[in-house]
Amino acid sequence: MTQNDQASFAVGKMHEPEVERFVSALDRQGQMDVVQALREWVRDRLELTAGGTVVDVGCGTGEELLQLASIIGQSGRAIGFDANDPMLETARTRTAGVPKVEIEKAEASDLPCATGSVDALVSERVLQHLQYDPAVAVGEFARVVRAGGRVGLTDTDWSSLQVLVTDDPVATAELDEVRARIPLPFTSNQEAGKHLEEYCAAAGLAVLERQSFILAEFAPAMIQGVRAGLSAAAEQVLEQHELAAANKLLDDALGRDALRIAVRLHAVIARP
């Protein structure tokens, strides 16, 4: 399988109910204060004006693309790329009738854009999911953005994940020790957010600004999902008695609504 055949997400393999749950999860995340602040921080630094061309790589539901389209107006172009058919269908439905918005299927490493044809490009929480070196995708981003344009990248550093028991610091410390011993099961490039500046440097992009955010407003369903993922990964490295003790701490904290998770997001603004 070539890089261009490898989708950034596995959404295309989901059944319809799973796709609906995934889209609902993206919608909930989009309403988080931190995610909204992060998007605004990036958007305000793209130097977009009416008539410009902006690209959103991994556009998902199309939510942020609509915000970008409102800046460039009817004389500009807002292009959303995604590698997954269910996401493309959702984005097309939600952006239908909005002038100058285009939704196309493309892999991050192979964008159907002429060299230097884009004024600004954004990609949010996509690099962590790629099945190849994220630097390859960032190199492609650098190719399509014109000299003096802007690239806004945001991604997660899952190695920063904290599992917190709000009413029990001893349990928090014990779970933190366990978490440090197990491989995180969430994405292909767990530390993508931490390496954004390295990817930019390799692509010849100069980083102008950087910011980080702590995401902690996870809904109960997401917390339970992370708990399940950690538990499954822990089975591979913990002794049975250690696993039982960790699961008891997690289950007890969940039962009294005291389990929280937090992870750091990084964002950079760069230019060719």
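What counts and what doesn't
Per chain, the residues get numbers from 1 upward, laid out in the order the sequence is written. Given that this is a predicted model, residues contribute local features only at a pLDDT of at least 70 and side-chain atom pairs are listed and counted only at 80 or more, while totals for whole chains, interfaces and linings are drawn from all residues. Only heavy atoms go into the side-chain values, all of them from the structure, while hydrogens and water stay out. In DSSP terms, a helix is any run of H or I states spanning at least four residues, a strand is any run of E spanning at least two, and both are numbered starting from the N terminus. Identification of polar contacts relies on pairs of N or O atoms within 3.5 Å, with a donor-acceptor requirement for protein atoms, meaning one able to donate a hydrogen and the other able to accept it, and with residues adjacent in sequence counted only if both atoms are side-chain atoms. Every residue pair with non-hydrogen atoms within 4.5 Å of one another is taken to be in contact. Partly exposed describes any residue whose relative accessible area lies between the buried limit of under 20% and the exposed limit of over 50%, with all areas from a 1.4 Å probe on protein chains only and scaled to the type maximum. Strand pairing follows a simple DSSP-based rule, namely that at least 2 bridges must link the two strands. Helix axes are fitted only over the stretch in contact, all axes being lines through C-alpha atoms; the angle between N-to-C directions runs from 0 to 180 degrees. Nonpolar core, defined: a set of buried Ala, Val, Leu, Ile, Met, Phe, Trp, Tyr and Cys residues in which side-chain atoms within 4.5 Å join the residues together. Whether a crossover is right-handed comes down to one check: with the strands pointing away from the viewer, does the path from the first strand over the helix to the second run clockwise; if it does, it is right-handed. UniProt positions are given in the numbering used here, feature names are shortened, and annotations may be inferred rather than shown by experiment. By definition, pLDDT measures how confident the predictor is in each residue, and it falls between 0 and 100.

**Student:** How should I be thinking about the side chain of Arg-39 in this particular structure?
**Tutor:** Secondary-structure assignment places Arg-39 in helix 2 (residues 33-43). A distance of 2.8 Å separates polar atoms of two side chains, one belonging to Arg-39 and the other to Glu-124. With residues near it in sequence (within four places) discarded, Arg-39 still touches Gly-30, Glu-63, Glu-64, Glu-124 and Arg-125.

**Student:** I tried to follow the pairing of strand 7 (residues 259-271) on my own but got confused; where do I start?
**Tutor:** Consecutive side chains of a regular strand alternate in pointing toward one face of the sheet and then the other. Across the 13 residues of strand 7, 10 count as buried, placing the element largely inside the fold. As paired elements, strand 5 (residues 145-165) and strand 7 share 11 bridges and run antiparallel to each other. Following the sheet pairing, Gly-152 is matched in strand 7 by Ile-269. In the sheet, strand 6 (residues 206-215) pairs with strand 7 via 9 bridges, with the strands oriented antiparallel. Counted as the bridge partner of Phe-213 is Leu-265 from strand 7.

**Student:** Looking at this structure, how should I read the sheet that holds strand 4 (residues 118-124)?
**Tutor:** Two modes of strand pairing occur in sheets, parallel and antiparallel, and in both the strands are linked by backbone hydrogen bonds. Read across the open sheet, the 7 strands follow the order 3-2-1-4-5-7-6; overall the sheet is mixed. At either end of the open sheet lies a strand with only one pairing partner, and these are strand 3 (101-105) and strand 6. The mean inter-strand angle of the sheet, taken between neighbouring strand axes irrespective of direction, is 15°. In the sheet, strand 2 (residues 77-82) pairs with strand 3 via 5 bridges, with the strands oriented parallel. Paired with Phe-81 across the two strands is Glu-104, which belongs to strand 3. Contacts from helix 4 (residues 85-95) reach strand 2 and strand 3 within the one sheet, and its direction differs from that of strand 3 by about 170°. Here helix 5 (residues 134-144) sits on the sheet in contact with strand 1 (53-57), strand 4 and strand 5, set at roughly 150° to strand 5.

**Student:** What am I meant to see in the nonpolar core here?
**Tutor:** Within soluble globular proteins, side chains that are nonpolar generally end up buried alongside one another. Among the nonpolar cores identified, the biggest contains 50 residues, and Leu-46, Leu-161 and Leu-215 are the most heavily contacted of them. Per-element accounting of this core gives the leading share, 6 residues, to strand 7. Residues in contact with Leu-215, not counting those within four places in the same chain, are Met-32, Val-34, Val-35, Ile-261, Ala-262, Val-263 and Leu-265. Counting 29 residues, the second largest nonpolar core, distinct from the first, contains Leu-127, Tyr-132, Val-145 and Cys-200.

**Student:** Whenever I open this one, the pairing of strand 4 confuses me. Can you help?
**Tutor:** Among the 7 residues that make up strand 4, 6 are buried, leaving the element largely enclosed by the rest of the structure. Taken together, the 3 bridges between strand 1 and strand 4 define a ladder with parallel strand orientation. For Val-54, the partnering residue across the bridge sits in strand 4 and is Ala-120. Where strand 4 and strand 5 come together, 6 bridges link them in parallel fashion. Each bridged residue has a counterpart across the sheet, and for Val-122 the counterpart in strand 5 is Gly-152. In this fold, strand 4 hands off to helix 5, which returns the chain to strand 5; that crossover is right-handed.

**Student:** Even after reading the chapter, I still don't get the UniProt feature "domain: Methyltransferase type" (unreviewed entry) in the chain, so can you show me in this structure?
**Tutor:** Taking the UniProt record as the reference, the feature "domain: Methyltransferase type" (unreviewed entry) is found at residues 55-151. Annotated as 33% helix and 29% strand, the span residues 55-151 places its first and last C-alpha atoms 9 Å apart.

**Student:** For this particular structure, what's the right way to read the side chain of Gln-128?
**Tutor:** Its place among the elements puts Gln-128 in the loop between strand 4 and helix 5. Overall, the relative accessible area of 3% leaves Gln-128 in the buried class. Aside from chain neighbours lying at most four places away, what touches Gln-128 is Asp-155, Thr-156, Trp-158, Thr-187, Ser-188, Asn-189 and Ala-192.

**Student:** What am I meant to see in the confidence of the model for the chain here?
**Tutor:** Parts of the model with low pLDDT should not have their predicted coordinates read in detail. Residues of the chain with pLDDT of at least 70 account for 94%, and the chain-wide mean is 90. In this model residues 1-13 is a low-confidence stretch, pLDDT under 50, and it forms 32 contacts with partners more than four residues away in sequence or in other chains.

**Student:** Explanation requested: helix 4 in the structure shown.
**Tutor:** Think of an α-helix as turning once every 3.6 residues; residues three or four places apart then point the same way. Taken together, the buried positions of helix 4 are occupied by Pro-86, Met-87, Leu-88, Thr-90, Ala-91 and Thr-95. Just downstream of helix 4, Gly-97 is the residue with a positive phi angle, here 85°.

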